[in-house]
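Inside the fold
Each chain is listed here by its residues.
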Amino acid sequence: MNDILAATGNAHKVLEMSAILAPAGIRLLRPQDVGGIPEVIEDGASFRENAVKKACEIAAATGRRVVADDSGLEVAALGGEPGVLSARYAGAGGNDGRNVRKLLDRLAGVADRRARFVCVIAVADPTGLVGTAEGEVRGQIIAAPRGDGGFGYDPVFVPAGHEQTFAELPAALKNGMSHRGNALAAALAQGLFVAG
Ligand code: IMP
């Protein structure tokens, strides 16, 4: 197995990334498996900036190869909100439930429900950035949450061509079409996980 450290404390992201990368012979180490992970301030203006920052700072601090995921939801009628602020949309101390509530409040009475999830994957080693890859999935925001699976905005996101939300679809189906699945597939195709 080819080991790489995941630069995220989000257990849902680690689960999804592990499931997507395992068939390629890649095993993810979690921050708690390694220790000594510095806190990275996500102050970038784009998903790419934040992903690169997380991967490079943690690779330099730990001396390991690192994969970072920066991702979020962009809603057309809200000019791309919540975007890079997806995790903190309802403010500091917010959580997935409050973020979803704020999103639905903002979209009350809005007919255009188009949205997309975006994910940028960055791979770095202690000498610097190896590369980045991006993925997206398009869909619609529904009026009220449905389903218990996934995380974040999954209960209100229905991917194009489907009836169920990401929180209702089986995890393997989500991973096969998601922004994260698409970004990791592109990263694999670019050879970003080939140990240098
Ligand atoms: P990050 O840790 O700054 O990348 O924040 C990502 C945030 O975007 C999460 O906290 C979720 O709110 C949202 N997000 C990213 N990917 C997903 C997903 O697959 N499903 C639902 N929400 C997601």
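Above this text sits the structure in question.
These lines cover the structure that appears in this document, whether it is placed above or below. Please read these numbers as outputs of a predicted model, since none were measured by experiment.

**A few points about the overall build of the protein**
A count of helices and strands for the protein gives six helices and six strands. Relative to a compact globule of 196 residues, whose C-alpha radius of gyration would be 16 Å, the protein shows 16 Å and is just as compact. Counting across all 196 residues of the protein, residues that qualify as buried make up 45%. A separation of at least 24 residues holds for 59% of the contacts in the protein among residues at least 6 apart in sequence. For the protein, the distance from the average position of its 20 positive side-chain charges to the average position of its 22 negative side-chain charges is 1 Å.

**Section: the nonpolar core**
Core analysis: the biggest nonpolar cluster contains 20 residues, and L73, V75, L103, I141, Y153, V156 and F157 have the highest contact counts within it. Elements with a minimum of two residues in this core: β3 (66-75), α4 (96-106), β4 (114-125), β5 (128-141) and β6 (157-159). Among the elements that make up this core, the one with the highest residue count is α4 (three residues). In this structure Y153 touches L73, P82, S86, Y89, N99, V100, L103 and F117, once residues within four positions along its chain are discounted.

**Points about the pattern of salt bridges**
Here the structure, examined in full by the defined rule, presents 17 salt bridges. A salt bridge links R106 to E81; the nearest nitrogen and oxygen atoms lie 2.8 Å apart. Here R106 is found in helix α4, whereas its partner E81 is found in the loop between β3 and α4, with 25 residues between them in sequence. Given the relative accessible area of 29%, E81 is considered partly exposed. R116 serves as the salt-bridge partner of E136, at 2.5 Å between the closest nitrogen and oxygen. Pair noted here: E136 is in strand β5 and R116 is in strand β4, with a separation of 20 residues, a long-range link. Since its relative accessible area comes to 21%, R116 is described here as partly exposed.

**Examining the packing of helix α1 (residues 11-21) against helix α6 (residues 179-189)**
At their nearest, the axes of α1 and α6 sit 10 Å apart, and the two run at 45° to each other. Judged by the angle between their axes, α1 and α6 are oblique. Once α1 is placed against α6, the crossing between them reads as right-handed. Where α1 abuts α6, its residues K13, E16, M17, I20 and L21 lie against R180, G181, L184 and L188.

**Topic: the pairing of β3**
Consecutive side chains along a regular strand alternate between the two faces of the sheet. Counting buried residues along β3, nine of its ten residues qualify, which places the element largely inside the surrounding structure. Both β3 and β4 contribute to a ladder of ten bridges, which runs antiparallel. Bridge pairing in β4 links E74 to R116.

**A look at the site of the ligand**
If you check the shell around the ligand, you find 17 residues, and the closest are K13, E42, D154, K174 and R180. For the ligand, an oxygen atom lies 2.7 Å from a polar atom in the side chain of K13. Backbone polar atom of S71 to an oxygen atom of the ligand: 3.1 Å apart, as the coordinates give it. No other element matches the four residues that β3 contributes to the shell around the ligand. For the shell around the ligand, a count of residues per class yields four nonpolar, five polar and eight charged.

**Observations regarding the side chain of K13**
Note on placement: K13 falls in helix α1. For K13, the contacting residues outside a window of four places in its chain are T8, K54, D69, D70, S71, F151 and R180.

**Some thoughts on the sheet that holds β4**
Here six strands make up an open sheet; going across it, the order is β2-β1-β3-β4-β5-β6 and the pairing mixed. Lying at the two open borders of the sheet, with one neighbouring strand each, are β2 (26-29) and β6. This sheet shows a mean twist of 40° between the axes of neighbouring strands, independent of strand direction. With twelve bridges connecting them, β4 and β5 associate as antiparallel partners.

Criteria and thresholds
Counting restarts for each chain, with residues numbered from 1 along the sequence as it is written. This being a predicted model, a pLDDT of at least 70 is required before a residue's local features are given, and a value of 80 or more before pairs of side-chain atoms are given or counted; all residues contribute to the totals for chains, interfaces and linings. In computing side-chain values, all of the structure's heavy atoms are included and hydrogens and water are not. Labels follow the DSSP assignment, with helices taken as runs of H or I lasting at least four residues and strands as runs of E lasting at least two, numbered in each case from the N terminus. The reference for a compact globule is 2.2 Å times residues^0.38; the radius of gyration itself is calculated from the C-alpha atoms. In this scheme, a residue with accessible area under 20% of its type's maximum is buried, one over 50% is exposed, and one in between is partly exposed, where area comes from a 1.4 Å probe on protein chains only. We call two residues in contact whenever any of their non-hydrogen atoms come within 4.5 Å of each other. The positive count covers Lys and Arg only, the negative count covers Asp and Glu only, and His and the chain ends enter neither. Think of each charge as sitting on NZ of Lys, CZ of Arg, CG of Asp or CD of Glu. Working definition of a nonpolar core: buried Ala, Val, Leu, Ile, Met, Phe, Trp, Tyr and Cys residues. They are joined through side-chain atoms within 4.5 Å. Each salt bridge in this description consists of a side-chain nitrogen of Lys or Arg and a carboxyl oxygen of Asp or Glu lying within 4 Å of one another. Under this scheme, a helix contributes an axis fitted over its contacting stretch, all axes are lines through C-alpha atoms, and angles between N-to-C directions fall in the 0 to 180 degree range. Roughly parallel covers angles under 35 degrees, roughly antiparallel covers those over 145, roughly perpendicular covers 65 to 115, and oblique covers all other angles. In this scheme the handedness of a crossing depends on how the near helix is turned from the far one: anticlockwise by less than a right angle means left-handed, clockwise means right-handed. Any two strands between which DSSP finds at least two bridges are classified as paired. Here, proximity means that at least one heavy atom of the residue falls within 4 Å of the molecule or strand. Counting of polar contacts relies on pairs of N or O atoms within 3.5 Å, with two restrictions inside protein: one atom must be capable of donating a hydrogen and the other of accepting it, and residues adjacent in sequence are counted only when both atoms are side-chain atoms. In the scheme used here, Gly and all other residues not listed as nonpolar or charged are polar, with Ala, Val, Leu, Ile, Met, Phe, Trp, Tyr, Cys and Pro taken as nonpolar and Asp, Glu, Lys and Arg as charged.

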